[in-house]
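# An overview of the molecular structure
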Amino acid sequence: MQHKIQSLTQDSNHTSPSRAERFHPKLLTLQAHANQPRSVEGAGQDVGRSCILVSIGGKNIMLDCGMHMGYNDDRRFPDFSYITQNGRLTDFLDCVIISHFHLDHCGALPYMSEMVGYDGPIYMTHPTKAICPILLEDFRKITVDKKGETNFFTSQMIKDCMKKVIPLNLHQTVQVDDELEIKAYYAGHVLGAAMVHIKVGSESVVYTGDYNMTPDRHLGAAWIDKCRPDILISESTYATTIRDSKRCRERDFLKKVHETIERGGKVLIPVFALGRAQELCILLETFWERMNLKAPIYFSTGLTEKANHYYKLFITWTNQKIRKTFVQRNMFEFKHIKAFDRSYADNPGPMVVFATPGMLHAGQSLQIFKKWAGNEKNMVIMPGYCVQGTIGHKILNGQRKLEMEGRATLDVKLQVEYMSFSAHADAKGIMQLIRMAEPRNMVLVHGEAVKMEFLKGKIEQEFSIDCYMPANGETITVTTNPSVPVDISLNLLKREMALGGPLPDPKKPRTMHGTLIMKENSLKLVSSEQALKELGLNEHQLRFTCRVQLQDPHSDPDTLHRIYTHLKSVLKGYTIQHLPDGTVMVESIVIKVSSSAEDTNTKVLLLSWSYQDEDLGSFLSTLLKKGLPSGLC
Amino acid sequence: EERTSGLYKDLHVYQLEHPTQVIEWTSGRTVCVAGFSPSKNEILELRLPRKLFADENKGLCAERDFKVVHGGFTDRPVRCLRHVPGTRCAVTGDGLSSNLQVWDLGGDDSDVIRRTGSIEGRRRRTGVSEGGSSIAARPSSPPQILHGAQISDVQLTELSSGQTLYQLESDSADPLSSLHFLSDAVFLAGCSNGNIYVADTRTSAAPQLSPPPPPPVSSGESVLWWTDASAGPDPSGCRVVRLSSSGQALVSDLRNLGGAVSRAQLDVQTRRCGPDDVRVSWAPALDDCIAVSGRLVPKATTDKMRTASKSSHSPLAGFSGAVQIYDASVWTSELQEARPLFEHRGHAVSPEQSDDGVPPILVTSHVWHPERPRTLLSAASDGSVHVWDWVDQSAADKR
C-alpha cells in the first residue's frame, strides 16, 4: 500500500506542476564567514559569526545570531537591514533558533531583539537559556564597563531579550505555528549545544550549529535520526583539520602542570564555570590519584556552586559516565580538589587553582594572576579563547608588560600556556553525520576563508548529493522534490484491480487515474464520481466540434452514406452507425453533412466528439480532410 | 603517559580515515599521504602543526592539528609517491604496473590535487610478473624522474613531454626495491635480492654492480634486502645501508660497495613479506642513525616461538607496530647484535587495537624530517599517523 501511495504521489507531481514548483526553499546566508586575519594563531578557531536565514515552505527562520569577536564597531553584528529594508523583523521572521551559548552564535541576540526590534519567538535549549545571559553579561561588562564603548546593549536588554526565549527539550517536537515544527538533537560541543531539525510540510532542513562526533570526558557525541532532510547545514570549522588525539592534548596538559608543580611553582587555570573546567578537574583528579601527588588543587568557590547548580539542572546533557557518577556523588566532591579561599593564594609551595572568569578580565582569576605573574616558576594555562581587551587576550599575544588600573604596570614573568580543548567535528565527523542523517543536499558554513573544493568533491562523490559552500552574504536556492503523501480511496483501488493487468510490482511506480482533492489539509485521490459527490458539483460534458469542407458532387444523404462506407472500411473494430436522423456515429463522434449555400458540390461536414474520444475525433477530422476515395458507392 | 613523557619532546597522534603506505615531504612543513585500497583512494597534502615548529613561545601556540591543504582522488592504490623537488608536482605508482601517474598538487588558489598525465613504464621482458616501480626525483628543470620496476627498466623521463632522456644499460631482471640520486647525475639502484647498481645518467656506460655478502646461514628461505643511501652534499661521503629479511644490516662506503664498513645483527627479522613491507632510512640531520620499520618481529621472539612459547598474547603484535632507531656509529666490521637506541611503539598501543582476533598493527611507513634531527613521521595499518620528536636517552644518561 505504501508503495502505491508513493508511486501515486510521483504521478501527482506530474499532474500538478504548479504545486511542485511552489516548494523552493531558499537559503540565504548572512555573513556566515569570517575573513578577518586572526591576531592570535589558532585562537580564532571558535570565532566567526554565525547567522543564517532559511526560507522553507514560505517560512523564514533565523539560525543563530552570532557576534564577530574580531571587531570593535558595528561590524561585529550582522547587518539585519539585509533581511528587510524597512519592514519589521517580527513581521518577516517566523522564529529564531540559537544552537548554543557561545557568543559567535548568540552574541548579537539582544542587539537584534531589543535594539533592532524583534518580538517573535526565540528558541534555545534549557542549558543555553541558563548560560547564554551570563556570557552576554560578561561580555557587556568587558565592552561597556571596561572599554567604555557605547552603542551596546544593556543588562536590562539582555533580561528583556531572554524573556522572549522559549526553551527546547531534546527530541521534543515543538510546533512553532500550524505549519512549522522544530526538534532539537544532541550536538556535544558544549553543555546544551543542539542541532535542530526544521520541518514545514514534507520539507525539512537540519542545522547543526557546532557539534562534535566524538565523546569527551563530560559530554557525549552528537546524534541525529536518519531524518533525510532536504538540506543539512553543517558547520565546517575543522572540516580541513585532522585533529591531534585527545590523549596527546591531555598528556601535554598534565605534563605542563606536573613540571610546574615539581619545580615548586603554582598553576593558575582560568576557566568559565561550565564546560572545560569539569573535564580538566576530572583529568587532574585521576592523574593525582595515579601519581600519588600531594600538591593541593583548589577551585574557586563561586565555581563550585555555579557548576553544581548547572550540572544538577542539566545532568541529562552530559555523558553517561558522569550521569552515573552523579547518582553516587556530587560532581565536585573530588578527593584531591578542594574549595579555594583567597588567603591560600599567598601560601608557599606548589598548588593548582581553577578560578573564574576564563578570560582574566575580572574577579578571582585576575586577582590570583596579579599575585603570581611575577614569578617565572609559575604558570597560567588558558584553556579557551579570550576576547580582545582582556588580560587573557593580551598575554596570549605574548604581551609581557600589562597596564593595570592606576598606571601600575605588571611584569608577566610566569609561563603562559595556551591549550585548545574545543570540540568540533572534523572532516571525518562531517562525513559521519551525513551518513547518519542522509540529507539530499549539503551546505557547509562557519568555515574558514579557504576554499574547500576537495571536501565538496568528496561529499558529492561519496553520497551523490550536491554540496554548497555559500560565501558571506550569498544566497543559494535549492530545489526540492518533495513526495506528498496522498490517501487513496478503497473504491478506486478496487476498480483499478478489477481493470486487470499484471499485479502491481511493489518496487515500481504505477500510474493511476483519479481526482485529487484537497480537504482539511490532507490530499485524497478518489474516483471522479466520488469527487463530484463530495464536493457537491454537477458533472459537465465537454465536446469538441469542427467543420471539414469536402468536394463531393453527390446529394447530402449520398455523401453521408459514402462517408459511412469509407469509415467502415478504414476503422475496423469500431462501432459505426448510420442513424435514420441523418447522422453517422463513430463511438461518441457525430458526423452530419450539409451543402454550401453557394456551391452544392461543396459539402460541409460537422464533427462533434466528447473529450474522452479526443484521439479518435482528431483522427477522423484529419482523415476526412483528405477527401473521400473515388469508387465508393 | 608519565613514562612516555620523558621519551619524547613532542608526540602528536592522528587518525586518518584510511591507512597510508606513503609519507612524502612536499616542503619542510607539508607531507603527502595516500590510500592503497584496490580502488577509490585519496591523496592528501597535510600541513604539520605550527606548534611543532614554534621554537619561541611554543606554549602560546595552541595549534597542534594537521591541516588538509590539498586533496585529490585516484581510482588506483598508491604504493609509491614521489614529490619532484622545487615543483608542485608528484608522481605515484600503484605497485601493480610500471606505469606512473603525474599529479599537480595545487597552489594557493585551489585545494584540489589533479592528475595531469601519466608515464608509460618500460617493460623489457614479458611474462615476468611486473611489480611496481620505484621512483626517484631530484631538483631539475624541466622536472624529470628516474623510475623502473627492475634494473633493465630504469629510465629517466621528462614529466611534461614524457620523453625518455636516459636508459640504464643492463639486461638484468633484478627487481628494484629503491632508487636514490647520489648527485645530479649519479644514482644508486637497490634490488630486493641485495644487488646494488650505481650508474650515471650522463653516460651510457654499464652500471657498476655490487652484490651483497652471502647470508651467514642458509635458512632455506630466500633473503630479501632493503636499501637506503645517506644524502649529503658530497656524494663521495655517501654511505649505503642494506637490511636483510634476516635482520642483518650492512653499512658500505660508496667507494667500496662490495665490502662492509660495519655490520650488525638487528633485533628484528621478517618473514613472508614483500618489497613494500619494510622501510630502512638514514637520518638526514643526525649522524649515523638509521630507522627501521615494517613487518618485523624481534629475533628473540621468533627464536622463542620456534621452541615453546606459552605467552598468552601474540608476541608478534607489539613489535611489527614499532619504529626502531639504531646508532650505526657503534657497529663494527664484526657481526654483532645491536640494540635499538630508541623504539617508538605508539602504533602498537593504539587505542584502536583491542583483544585477540584483531590483526596486529603494522607500521606501513616512516620518514625523517629533512632538517629537524629527531623528528619522524610514521604511519600504520590502522590509519594512525604519528609525529614524534624523540629524546636520546643514552645521550641524556651520559650527561
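Residues numbered from 1 in each chain as written. Chains lettered and ligands numbered in written order. Predicted model: local features only at pLDDT ≥ 70, side-chain atom pairs only at ≥ 80, totals over all residues. Heavy atoms only, no water.

The name given to chain B in an unreviewed UniProt entry is WD repeat domain 73, with the source organism recorded as Lates calcarifer.

The name an unreviewed UniProt entry gives chain A is Integrator complex subunit 11, with Lates calcarifer as the organism. UniProt, in its Sequence similarities (unreviewed entry) section for chain A, records the words "Belongs to the metallo-beta-lactamase superfamily. RNA-metabolizing metallo-beta-lactamase-like family. INTS11 subfamily." Of chain A, the UniProt comment under Cofactor (unreviewed entry) reads exactly: "Zn(2+)". (UniProt positions renumbered as here; feature names shortened; annotations may be inferred.)

## Regarding the UniProt feature "repeat: WD" (unreviewed entry) in chain B
In this numbering, the UniProt entry assigns the feature "repeat: WD" (unreviewed entry) to residues 363–389 of chain B. The distance from the first to the last C-alpha atom of residues 363–389 of chain B is 17 Å, and the span holds 0% helix and 67% strand. (Helix = DSSP H or I, 4+ residues; strand = E, 2+ residues; numbered from the N terminus.)

## Some remarks on the pattern of salt bridges
Residues and elements named next belong to chain A. Taken as a whole and assessed by the stated rule, the structure comprises 46 salt bridges over all chains. Here Glu 438 makes a salt bridge to Arg 228, at a shortest N to O gap of 2.9 Å. With a gap of 210 residues between them, Glu 438 in the loop between α14 (427–437) and β21 (441–445) and Arg 228 in the loop between β10 (203–207) and β11 (231–235) connect regions that are remote in the sequence. Look at the salt bridges and you will find they share partners, linking Arg 88, Asp 91, Glu 114, Asp 119 and Lys 164 into a network. (Salt bridge = Lys/Arg side-chain N within 4 Å of Asp/Glu carboxyl O.)

## Section: a nonpolar patch on the surface
Nonpolar side chains collect at one region of the surface, where Leu 542, Phe 544 and Tyr 611 of chain A lie side by side and expose about 320 Å² of accessible area between them. Of note, Tyr 611 of chain A is situated in the loop between β31 (602–610) and α19 (614–625). (Patch = residues over 30% accessible without salt bridge, like charges linked within 9 Å, V, L, I, M, F, W, Y side chains within 5 Å. Areas by Shrake-Rupley, 256 points an atom, 1.4 Å probe, with all protein chains shown as cover.)

## A short note on the packing of aromatic side chains
Applying the stated rule across the entire model yields 23 aromatic pairs over all chains. Plain terms: the ring middles of Phe 139 of chain A and Phe 152 of chain A are 5.8 Å apart, the flat faces sit at 55 degrees to each other, and that makes the pair tilted. Taken together, the residues span a long stretch of sequence, with Phe 139 of chain A in helix α6 (residues 126–146) and Phe 152 of chain A in the loop between α6 and α7 (155–163) at a distance of 13 residues. Seen from their ring centres, Phe 152 of chain A and Phe 153 of chain A are 4.4 Å apart, and the 35 degrees between their planes marks the pair as tilted. Put simply, the rings of Phe 77, Phe 80, Tyr 111, Phe 139, Phe 152 and Phe 153 of chain A pair up and form one aromatic cluster. The ring of Phe 181 of chain B has Arg 138 of chain B sitting right over it, with the charged end atom 4.5 Å from the ring centre. Between Arg 374 of chain B and the ring centre of Trp 390 of chain B, over which it is positioned, the NZ or CZ distance is 5.3 Å. (Phe/Tyr/Trp six-rings, centres within 6.5 Å; stacked < 30°, edge-to-face > 60°. Lys NZ or Arg CZ within 6 Å of the ring centre and 35° of its normal.)

## Observations regarding α19 of chain A
Residues and elements named next belong to chain A. With twelve residues, α19 should cover 16 Å at 1.5 Å per step; its first-to-last C-alpha distance of 17 Å lies within 8% of that length. Among all positions in α19, only Leu 616, Gly 617, Leu 620, Ser 621, Leu 623 and Leu 624 are buried. Viewed end-on, α19 has its buried residues packed into an arc of 165 degrees, placing them on one side of the element. Of the exposed residues in α19, those oriented more than 90 degrees away from the buried face are Asp 615 and Lys 625. (Expected span 1.5 Å × (residues − 1). Buried < 20%, exposed > 50% of the residue type's maximum accessible area, 1.4 Å probe, protein only. Arc of directions from axis to C-beta.)

## Re the interface of chain A and chain B
Contacts between chain A and chain B engage 33 residues on the former and 35 residues on the latter. Around 3,300 Å² of area is buried between chain A and chain B when both sides are counted, 51% of it from carbon and sulfur atoms. Interface area lost by chain A to chain B is led by Ile 242, Arg 251 and Phe 454 of chain A, which between them contribute 24%. Between the two partners, chain A and chain B, sit six salt bridges. In this structure, Asp 65 of chain B engages Arg 243 of chain A in a salt bridge whose closest nitrogen and oxygen atoms are separated by 3.5 Å. Joining chain A to chain B, the criterion identifies 18 residue pairs in polar contact (both at pLDDT 80 or more). Broken down by element, the side of chain A that touches chain B gets its largest block of residues, seven residues, from helix α8 (residues 246–262) of chain A. A per-class count over the side of chain A that touches chain B returns ten nonpolar, eight polar and 15 charged. Bridge analysis of strand β12 (residues 241–242) of chain A against strand β5 (residues 66–74) of chain B gives two bridges, and the strand direction is antiparallel. Across the sheet, residue Ile 242 of chain A finds its bridge partner in β5 of chain B, namely Phe 66 of chain B. (Contact = heavy atoms within 4.5 Å. Buried area = accessible area lost by both parts, 1.4 Å probe. Polar contact = N/O pair within 3.5 Å; in protein donor to acceptor, adjacent residues only side chain to side chain. Nonpolar A, V, L, I, M, F, W, Y, C, P; charged D, E, K, R; others polar. Pairing = 2+ DSSP bridges.)

## A closer look at the nonpolar core
Residues and elements named next belong to chain A. Counting residues in hydrophobic clusters, the biggest one holds 124 residues, and the most contacted among them are Met 62, Leu 63, Ile 233, Phe 369 and Ile 395. Counting the residues that make up this core, at least three belong to each of domain 1 (40–242 + 423–468) and domain 2 (246–418). Beyond its immediate stretch of four places on either side in the chain, Phe 369 contacts Leu 268, Leu 360, Val 380, Ile 391, Ile 395, Leu 402, Leu 410, Val 412 and Leu 414. Membership of the second largest hydrophobic core comes to 26 residues, among which are Val 267, Leu 280, Ile 297 and Phe 421. (Core = buried A, V, L, I, M, F, W, Y, C linked by side-chain atoms within 4.5 Å. Domains from an automatic or database assignment.)

## What to know about helix α16 (residues 490–498) of chain A
Residues and elements named next belong to chain A. Residues of α16 that are buried: Leu 492, Leu 493 and Glu 496. Buried residues of α16, seen end-on, are gathered within an arc of 100 degrees and therefore sit on one face of the element. Of the residues in α16, the exposed ones pointing more than 90 degrees away from the buried face are Leu 490, Asn 491, Lys 494, Met 497 and Ala 498.

## Brief notes about the pairing of strand β11 (residues 144–148) of chain B
Residue and element names in this part refer to chain B. In terms of residue burial, β11 counts as a mostly covered element, since five of its five residues are buried. In the sheet, strand β10 (residues 134–137) pairs with β11 via four bridges, with the strands oriented antiparallel. In the strand pairing of β11, Ala 136 is matched with Leu 146.

## Things to note about the pairing of strand β2 (residues 52–56) of chain A
Residues and elements named next belong to chain A. Judged by how many residues are buried, β2 sits mostly within the fold: five of five residues are covered. Burial along β2 is two-sided: Ile 52, Val 54 and Ile 56 and Leu 53 and Ser 55, pointing in opposite directions, are all buried. When β2 meets strand β3 (residues 59–63), the two strands line up antiparallel, connected through five bridges. Looking at β3, one finds that Val 54 is bridged to Ile 61.

## Observations regarding the sheet that holds strand β26 (residues 323–327) of chain B
Residues and elements named next belong to chain B. Read across the open sheet, the four strands follow the order β23-β24-β26-β28; overall the sheet is antiparallel. In this open sheet, the two edge strands, each paired with only one partner strand, are β23 (278–282) and β28 (342–344). Each strand axis lies, on average, 15 degrees off the axis of its neighbour in the sheet, ignoring direction. Taken together, the three bridges between β26 and β28 define a ladder with antiparallel strand orientation. Bridge pairing in β28 places Ile 325 opposite Phe 342. (Axes fitted to C-alpha atoms, helices over the stretch in contact; angles between N-to-C directions.)

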